[in-house]
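# Structure at a glance
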Amino acid sequence: MIAQNIRSFASKLRPRWISVAFALPLFGMVAAFGIAPNTRTESIAIEVAEYELTLPPGLLSKQADGAVYSRQEIVRRGDTVSAILARMQADDPAAIDFLKTDSTAKVIYKALAPGRLLETRVGEDGELLSLRMRVGGDSVLKVMKIGDQLLSLEETLPLDKRIIFKSGRIRSSLFAATDSADVPDAIATQLLKLFATEIDFHQDLQKNDQFAVAYEAFYDGADLVRVGRLVAAEFVNRGESHRLVLFDDSSGDGEYYTPEGKSLKRAFLRSPLEFSRVSSGFSNARQHPVFGDWRAHRGVDFPAPHGTPILATCEGVIDFVGQQNGYGNVVEIKHYNQFSTVYAHMSGYASGMRKGAQIKQGQVIGYVGSTGWATGPHVHYEFKVAGVQHDPQGRSVPIAAPVIPGFKAIFELTAKPMFAQLDMMRETASAVNFE
């Protein structure tokens, strides 16, 4: 009886009204009917209400004379543009020609990488009505049919920024642990560099050390496009907790600070190599490895494979680039307050290394080698004050300025929630049996 009355109601409407305005509410009505157990339905009175419906102008699709299908496909290994469009039931040779020849649209052929998402709207006859695909970075390609003409444009995605929290425990190496915790390599690298002044990741790392990180991630819907900066982190090394948080005190791109507001960035890194150990320390007398006699060693030697990048330990200006006696290929950088650093035995220099060039902390300035008086690949590193060599590992390293006092209250409002979340992440990780 109910179905009969519904059909009677439907017959009062024009066909196109049924397909657009009535079909979806009908299913909603059927789903809404609920009958309690043991309820008798024979005596229920049925009343039919009839209404004249008027659709607002512009509600109907311009493709009302035929169905339009929205489809999504993931690009597979070995896919071609024609193959993936065929799977999406787009049979449109003119559209294929457009994608091949249009100066903007043909970027799809270079961007057709496995895992990329392709979205289309296709007419009932296989005509391509629209296409959308991310083509690299923050860019998306859009192709649309306007009238009888296909148009294309490449635009920047309005990405959604999210803060992602992850934690883990060291079992063998830092990168093995971050991989296990599904932390992107770019974030793991930032973690290593930022804590490089506090932790020697080559010598000090121990099994069961813990870490927790919070970082920026940029999404296009559910699709991760890229990761950004590390915004907070904790590393527990040998039972000692090291923490940092990113804070912008209006000075620029932001700086990293401890929970107390002290800058984590030191004026000088502990080592000119990311991963390093000391093969020969600062000494007033040691046996020279080449000549065999005893003489002073006014620097620290860090061995590493040939070609390993050498980093400037502090920002400054290059004072010398070239060959210098037994030092081989050498770079000397002047810093503030009469400080300078020397990097010797390089196999070669990084691009742009010349006298007077401005250098940033952590910038690659050259590559490990064995030029000059050297028995193997390493970098000889010197730390000078007013031209006099001092032990780079024995001297108190200058640190950067703390949070500006006027911003301390805002800093605490930023830092406290981040560290509370990191505490929760670390406690959760501690509760898991990692053995």
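Quick caveat: nothing in here was measured; it's all calculated off a predicted structure.

### Points about the overall build of the protein chain
- On a plain count of helices and strands, the protein chain comes out with eight helices and 21 strands.
- Evaluated residue by residue, the protein chain yields a buried proportion of 38% over its 435 residues.
- By element, 52% of the accessible surface of the protein chain is carried by carbon and sulfur atoms, the whole surface being about 24300 Å².

### Structural notes on the confidence of the model for the protein chain
- Of the residues in the protein chain, 75% reach a pLDDT of 70 or more, and the chain-wide mean stands at 80.
- Across the protein chain, strand β19 (residues 364-368) holds the top mean pLDDT of 96, while helix α2 (residues 15-32) sits lowest at 36.
- Between residues 1-36, whose pLDDT stays under 50, and residues either more than four places distant or in other chains, the model counts 27 contacts.
- Across residues 57-64, where pLDDT falls below 50, the model places six contacts with residues more than four positions away in sequence or in other chains.

### Brief notes about the pattern of salt bridges
- Enumeration according to the criterion identifies 17 salt bridges in this entry.
- Linking K166 and D182 is a salt bridge whose minimum nitrogen-to-oxygen distance equals 3.8 Å. One end of the pair, K166, is in strand β6 (residues 160-169); the other, D182, is in the loop between α6 (174-180) and α7 (185-194), and 16 residues separate them in sequence.
- Under the relative-accessibility criterion, D182 is labelled exposed at 56%.
- Here K193 ties to E274 by a salt bridge, and the two come within 3.8 Å at their closest N and O atoms. Of this pair, K193 sits in helix α7 while E274 sits in the loop between β10 (255-257) and β11 (283-287), placing them 81 residues apart in sequence.
- Judged by relative accessible area, K193 falls into the partly exposed class, the value being 44%.
- Each member of the salt-bridge network shares a partner with another, and the members are E73, D79 and R87.

### Details of unusual backbone geometry
- Although it is not a glycine, Q89 sits at a positive phi angle of roughly 60°.
- Within the secondary structure layout, Q89 lies in the loop between α3 (81-87) and α4 (93-101).
- Since its relative accessible area comes to 52%, Q89 is described here as exposed.
- Positive phi values are uncommon outside glycine, yet D182 reaches one of about 60°.

### Regarding the sheet that holds strand β5 (residues 149-156)
- Pairing within the open sheet is antiparallel, and its five strands lie in the order β1-β2-β3-β4-β5. In this open sheet, the two strands that pair with only one neighbour each are β1 (68-74) and β5. With strand direction ignored, the average angle separating the axes of adjacent strands in the sheet is 15°.
- Both strand β4 (residues 139-146) and β5 contribute to a ladder of eight bridges, which runs antiparallel.

### Let's talk about the sheet that holds strand β9 (residues 240-247)
- With antiparallel pairing, five strands are arranged side by side in an open sheet as β6-β7-β8-β9-β10. Of all the strands in the sheet, just β6 and β10 have a single pairing partner and so form its edges. Each strand axis lies, on average, 30° off the axis of its neighbour in the sheet, ignoring direction.
- Bridge count between strand β8 (residues 223-237) and β9: six bridges; the pairing is antiparallel. If you follow F235 over to β9, its bridge partner there is H242.
- Of the strands in this sheet, β7 (210-220), β8, β9 and β10 touch α7, which is tilted by about 35° from β8.

### Some words on α4
- Taken residue by residue, α4 has A95, I96, F98 and L99 as its buried positions. One side of α4 carries all its buried residues, which in axial view fall inside an arc of 160°. Within α4, the exposed residues directed more than 90 degrees away from the buried face are P93, A94 and T101.
- For α4, the elements touching its buried residues are α3, α5 (108-111), β3 (128-136), β4 and β5.

Rules behind the numbers
- Within each chain, residues carry numbers counting from 1 in the order of the written sequence.
- Side-chain atom pairs in this predicted model are given and counted only at pLDDT of 80 or more, local residue features only at pLDDT of at least 70, and totals for whole chains, interfaces and linings cover all residues.
- Hydrogens are left out, water is left out, and the side-chain values use all remaining heavy atoms of the structure.
- Helix and strand assignments follow DSSP, with helices taken as H or I runs no shorter than four residues and strands as E runs no shorter than two, numbered in order from the N terminus.
- Accessible area is worked out with a 1.4 Å probe on protein chains only. A residue is then buried under 20% of its type maximum, exposed over 50%, and partly exposed in between.
- Per-residue accessibility takes into account occlusion by the displayed protein chains alone, with areas from the Shrake-Rupley method and a 1.4 Å probe.
- Values of pLDDT, which run from 0 to 100, indicate the predictor's confidence residue by residue.
- Any pair of residues with heavy atoms lying within 4.5 Å of one another is described as a contacting pair.
- A side-chain nitrogen of Lys or Arg and a carboxyl oxygen of Asp or Glu constitute a salt bridge if their distance falls within 4 Å.
- Strand pairing is assigned whenever DSSP detects at least two bridges linking the two strands.
- Note on geometry: axes are lines fitted to C-alpha atoms, helical ones only across the stretch in contact, with angles between N-to-C directions running from 0 to 180 degrees.
- The arc under discussion is defined with respect to the helix axis, by the directions toward the C-beta atoms.

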